[in-house]
Amino acid sequence: MKLKISGDKLTFASAHMLTRHDKCARLHGHNYDVEVEVEGKIDENNMLIDFGIFKTAVGKIVKKFDHRILIPDFNKDLKITTTDKQVIVDTCEGRYYRFPREDVILLPLKATTVELLAKYFHSLIKKQYPQFKITITMAETPTSVVTYTE
Ligand SMILES: [Zn+2]
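Notes on the structure in this doc start here. Please read these numbers as outputs of a predicted model, since none were measured by experiment. All residue numbers refer to position in the chain's written sequence, counted from 1. Given that the model is predicted, a residue must reach a pLDDT of at least 70 before its local features are reported, and side-chain atom pairs must reach 80 or more before they are shown or counted; all residues, however, enter totals for whole chains, interfaces and linings. Hydrogen atoms and water are omitted, and side-chain values are computed over all heavy atoms in the structure.

### Observations regarding the overall build of the protein
Thinking step 1. Across its full length, the protein holds 2 helices and 10 strands.
Thinking step 2. Only DSSP runs of H or I covering at least 4 residues are called helices, and only runs of E covering at least 2 are called strands; the numbering of each starts at the N terminus. Along the chain direction, N to C, the helices and strands of the protein fall in the order β-β-β-α-β-β-β-β-β-α-β-β.
Thinking step 3. With respect to the three principal axes, the spread of C-alpha positions in the protein is 55 × 35 × 25 Å.
Thinking step 4. The long-range share in the protein, meaning contacts at least 24 apart out of those at least 6 apart in sequence, stands at 60%.
Thinking step 5. The Shrake-Rupley method, run with a 1.4 Å probe sphere, supplies the accessible areas, and residue values consider only the shown protein chains as cover. With the model as given, the accessible surface of the protein reaches about 8700 Å², and the carbon-plus-sulfur share is 51%.
Thinking step 6. Counting rule applied: Lys, Arg positive; Asp, Glu negative; His and chain ends not counted. Just so you know, the charge point we use is NZ for Lys, CZ for Arg, CG for Asp and CD for Glu. Within the protein, one finds 23 positive and 20 negative side-chain charges whose respective centroids are separated by 3 Å. Pairs of residues are marked as contacts when any of their non-hydrogen atoms sit within 4.5 Å.

Structure below.
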């Protein structure tokens, strides 16, 4: 049996940049949509999983990214300096950004492409729900969509 959740609880707006990319090396943002499909067995309550509980749990993960600047901590093209109050990012293209610490999410990723973000969301959700096969569909724009499944 499969079940799918999507909607307002699973949307977020974030800023990011992609190094060594003509257009996307500049700081810019997207309104992301996340859709999560789980596959598994129906339980003793005749459900795969409670829709409300699952939406709330996934929403908590997704909304942490809302109105934040996403910085890929494992990107060797970025020199990232973190202090208590600031994150300073020096890019290989000579761009220099200084952000309030609380506005930034440092991700254990090489890039904040929608592909790697979808894989990252998959790992976060899988940690909480290891019993299911999980598929993440993530849209950076309505016409730019990726799907990641294990
Ligand atoms: Zn982008």
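What follows picks up the thread again.
### Some details on the pairing of strand E10 (residues 144-149)
Side chains on a regular strand alternate between the two faces of the sheet.
Thinking step 1. A pair of strands counts as paired when DSSP detects no fewer than two bridges linking them. With 6 bridges connecting them, strand E9 (residues 133-141) and E10 associate as antiparallel partners. What sits directly across from Thr135, in E10, is Thr149.
Thinking step 2. In this antiparallel pair of consecutive strands, E9 and E10, the connection spans 2 residues.

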